[in-house]
Amino acid sequence: MDISSAKNSPTTQVKLKPVEATPETFEDYGQIIESSKDGEEFGPRDAQLDLSKGVPRFYIMRLTERKLKFSTITHHASVTQCLGAIGGGVWFLGVARPSIVEVDASEHEGPKFLKLHRGTWHAGPLFLDETMDFYNLELSNTNEVDHTVHDFKKENGVAFVIEK
């Protein structure tokens, strides 16, 4: 979808149909990390991380009221980021390749953990529950020094809604 500049136009709602995140459907944005047997050696199915530009931070973030709509999207150009829901609930992530050309929606459920490539634009996690907890792996200062935001509503007159 081509999003042209529309700063003074009314907001247009664009509906996104989610696609189940699989290694094939998510490869342009990152990796799907699923369970493996204990003792398996490191390989291509493991998260291929780049946290070399600072101190890694692994934490649990509690999110509230993150319904299936968004108008801003962000990326981290210097590092990878990992996200996963605790408890296996259904959640969504709006994603775009490292340059904003089109926005897609991915659906995630169960024991999946997402590793986002450096520069992958993302909006979310989004979900229908009132509150969800997520594992998050990034750098301790990612949101201060490596956090670029694009506001589609302000810059393009567009807001996205994920159809479930």
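Residues numbered from 1 in each chain as written. Predicted model: local features only at pLDDT ≥ 70, side-chain atom pairs only at ≥ 80, totals over all residues. Heavy atoms only, no water.

- If you look the protein up in an unreviewed UniProt entry, it shows as Ureidoglycolate hydrolase from Kalanchoe fedtschenkoi.

**As for the nonpolar core**
Next up, step 1: Formed by 17 residues in total, the largest nonpolar core has its most connected members in Phe26, Trp91, Leu93 and Phe134.
Next up, step 2: Broken down by secondary-structure element, the contributors of at least two residues to this core are strand 4 (56-64), strand 7 (81-85), strand 8 (91-96), strand 10 (113-116) and strand 12 (131-139).
Next up, step 3: If we ignore the near neighbours within four places in the chain, the residues touching Phe26 are Ala21, Gln31, Ile32, Val95, Ser106, His108, Leu114, Lys115 and Leu116.
Next up, step 4: Core analysis: the next-biggest nonpolar cluster, separate from the first, contains 16 residues, Leu16, Trp121, Leu126 and Ile162 among them. (Core = buried A, V, L, I, M, F, W, Y, C linked by side-chain atoms within 4.5 Å. Buried < 20%, exposed > 50% of the residue type's maximum accessible area, 1.4 Å probe, protein only. Helix = DSSP H or I, 4+ residues; strand = E, 2+ residues; numbered from the N terminus. Contact = heavy atoms within 4.5 Å.)

**A closer look at the sheet that holds strand 3 (residues 30-33)**
Adjacent strands of a sheet pair through backbone hydrogen bonds, lying either parallel or antiparallel.
Next up, step 1: Taken in spatial order, the five strands make up an open sheet running 3-10-7-12-4, and their pairing is antiparallel. The open sheet has two edge strands, strand 3 and strand 4, and neither has a second partner. Strand-to-strand, the axes of this sheet are offset by a mean angle of 20°, without reference to chain direction.
Next up, step 2: When strand 4 meets strand 12, the two strands line up antiparallel, connected through nine bridges. For Ile60, the partnering residue across the bridge sits in strand 12 and is Tyr135. (Pairing = 2+ DSSP bridges. Axes fitted to C-alpha atoms, helices over the stretch in contact; angles between N-to-C directions.)

**Quick word on the packing of aromatic side chains**
Next up, step 1: Scanning all chains against the criterion turns up seven aromatic pairs.
Next up, step 2: On the basis of an interplanar angle of 35° and a centroid distance of 5.9 Å, the ring pair of Phe127 and Phe134 is categorised as tilted. Accessibility classification places Phe127 together with Phe134 in one group, the buried group.
Next up, step 3: An angle of 85° between the planes, with centres 5.0 Å apart, marks the rings of Phe152 and Phe160 as edge-to-face. In terms of burial, Phe152 and Phe160 fall into one category: buried.
Next up, step 4: Within the aromatic cluster, the residues linked to one another by ring pairs are Phe58, Phe113 and Tyr135.
Next up, step 5: Positioned above the aromatic ring of Tyr59 is the side chain of Arg57, whose terminal nitrogen or guanidinium carbon lies 3.6 Å from the ring centre. (Phe/Tyr/Trp six-rings, centres within 6.5 Å; stacked < 30°, edge-to-face > 60°. Lys NZ or Arg CZ within 6 Å of the ring centre and 35° of its normal.)

**Regarding unusual backbone geometry**
Next up, step 1: With an omega of 10°, the peptide bond running from Gly124 to Pro125 counts as cis.
Next up, step 2: In this structure, Pro125 sits in strand 11 (residues 121-126).
Next up, step 3: Here the phi dihedral of Glu65 falls at roughly 55°; this positive angle occurs in a residue that is not glycine.
Next up, step 4: Among the structural elements, Glu65 can be located in the loop between strand 4 and strand 5 (69-70).

**Quick look at the layout of surface pockets**
Next up, step 1: By volume, the largest pocket is sized at about 340 Å³.
Next up, step 2: As for the largest pocket, its lining consists of 22 residues, of which Arg66, Thr74, His122, Gly124 and Pro125 are closest to the centre.
Next up, step 3: Looking at the lining of the largest pocket, the elements with two or more residues in it are strand 4, strand 6 (72-75), strand 7, strand 11 and strand 12.
Next up, step 4: Top contributing element to the lining of the largest pocket by residue count: strand 11, with five residues.
Next up, step 5: Considered class by class, the residues forming the lining of the largest pocket number 10 nonpolar, 10 polar and two charged.
Next up, step 6: In this structure, the second largest pocket encloses a volume near 260 Å³.
Next up, step 7: Along the walls of the second largest pocket sit 13 residues, with Ile32, Ile33, Glu34, Arg45 and Asp46 positioned nearest its centre. (1 Å grid on protein atoms, 1.4 Å probe; cavity = no way out; pocket = protein on both sides within 12 Å on 5 of 7 lines; lining within 4 Å. Points joined across faces, edges and corners; volume = space filled by probe spheres on them. Nonpolar A, V, L, I, M, F, W, Y, C, P; charged D, E, K, R; others polar.)

**Brief notes about the sheet that holds strand 1 (residues 12-16)**
Next up, step 1: Pairing within the open sheet is mixed, and its three strands lie in the order 1-14-5. Both outer strands of the open sheet, strand 1 and strand 5, are each paired with one neighbouring strand and no more.
Next up, step 2: Here two bridges tie strand 5 to strand 14 (residues 158-162), and the two strands are oriented antiparallel to one another. Opposite Phe70, over in strand 14, you have Phe160 as the bridge partner.

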